[in-house]
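Structure assessment
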Amino acid sequence: MSKIQELSDAVIGGKSKQVAALVKEALAEAPALDLLDAMIAAMAKIGDQFSAGEIFVPEMLVAARAMQKGVEELKPELAAAGREPLGKCIIGTVQGDLHDIGKNLVAIMIESAGFDVIDLGVDVSTDKFVECIKANPDVNIVALSGLLTTTMPSMEATAKAIKELGGAFKVLVGGAPITQEFADQIGADAYAIDAGAAAITAKDLV
């Protein structure tokens, strides 16, 4: 079995401790971009399994963390190879909501897809989103996450406020209570049902 295949299997299996070592070993037989593509394909498989209900959040989370380890190990090599990111994404859980597992998964998946990600964390106010957008005029996507139905009005207020900035960026929303209908209602550009879908949608938006 090639080291690239071992790396891919380690990501799918969520074996974070093995991934960094395998990246170093695999770099002896393939360029960094090939390793990144292999890990992205592995996470795409995980995303498909999650969407199909074959695996659940814990399995997806450990795979995403393994992927993150691999990306961190590859970053110097990717920079040296002149890899250009697909774009920049600002992400955060809206004000009043302290849940971060779903948001963290989306952030990792979008970063894995090739974006630079600025993670504002949880309980993020509209003003903080606006300030970050103004500080990053090259942002392509602003992703809003929320798990609680009680914070849906907060998501709506944030979406409308940042759309009023008039930038070229797209607003992506998601979370347990969020639907396509709600996304349309608040003027979002896209809705993602889960982390795997968010990564695919992010690529489609740029």
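Reference entry: report on the structure contained in this document.

Here is what the cut-offs are and how they apply
Residues numbered from 1 in each chain as written. Predicted model: local features only at pLDDT ≥ 70, side-chain atom pairs only at ≥ 80, totals over all residues. Heavy atoms only, no water. Helix = DSSP H or I, 4+ residues; strand = E, 2+ residues; numbered from the N terminus. Rg over C-alpha atoms; globule rule 2.2 N^0.38 Å. Buried < 20%, exposed > 50% of the residue type's maximum accessible area, 1.4 Å probe, protein only. Contact = heavy atoms within 4.5 Å. Areas by Shrake-Rupley, 256 points an atom, 1.4 Å probe, with all protein chains shown as cover. Core = buried A, V, L, I, M, F, W, Y, C linked by side-chain atoms within 4.5 Å. Axes fitted to C-alpha atoms, helices over the stretch in contact; angles between N-to-C directions. Left-handed = near helix turned anticlockwise from the far one by under 90°. Nonpolar A, V, L, I, M, F, W, Y, C, P; charged D, E, K, R; others polar. Arc of directions from axis to C-beta.

A word on the overall build of the protein chain. Helix and strand counts for the protein chain come out as nine helices and five strands. Element order for the protein chain, N to C, with α for helix and β for strand: α-α-α-α-β-α-β-α-β-α-β-α-β-α. Relative to the globule expectation of 17 Å for 206 residues, the C-alpha radius of gyration of the protein chain, 17 Å, shows essentially globular dimensions. Split into buried and exposed, the 206 residues of the protein chain put 47% on the buried side. Taking the contacts inside the protein chain whose residues are at least 6 apart along the sequence as the reference set, 72% of them involve residues at least 24 apart. For the protein chain, the exposed surface amounts to about 9700 Å²; the carbon and sulfur share of it is 53%.

Here we take up the nonpolar core. Met43, Met60, Leu74 and Leu172 are the most contacted members of the largest nonpolar core, which has 45 residues in total. Sorting the residues of this core by element identifies helix H1 (3–12), helix H2 (16–26), helix H3 (32–51), helix H4 (57–80), strand E1 (87–93), helix H5 (101–112), strand E3 (141–145) and helix H9 (195–205) as the ones contributing at least two each. Examining the composition of this core, we find that nine residues originate from one element, H4, more than from any other. Residues within four places of Leu74 in sequence aside, it is in contact with Val23, Leu27, Ala32, Leu35, Leu36 and Met39.

Let us now look at the packing of H1 against H3. Axes are the key here: two packed helices are described by the angle between their axes and the distance separating the axes. The geometry of H1 relative to H3 is characterised by a closest axis approach of 9 Å and an angle of 35 degrees between their N-to-C directions. For the element pair H1 and H3, the recorded crossing hand is right-handed. From H1, Ile4, Leu7, Ser8, Val11 and Ile12 reach across to H3, where they touch Leu35, Ala38, Met39, Ala42, Met43, Lys45 and Ile46. Looking at the contact of H1 with H3 residue by residue, the classes come out as ten nonpolar, one polar and one charged.

Within the element layout of this structure, Lys24 appears in helix H2. Taking C-alpha positions, Lys24 is 9.4 Å from Gly70, a pair spaced 46 residues apart along the chain.

Here the focus is H1. Of all the residues in H1, the buried ones are Leu7, Ser8, Ala10 and Val11. Considered in projection along H1, the buried side chains sweep an arc of 160 degrees and stay on one side of the axis. Elements that come into contact with the buried residues of H1 comprise H2, H3 and H4.

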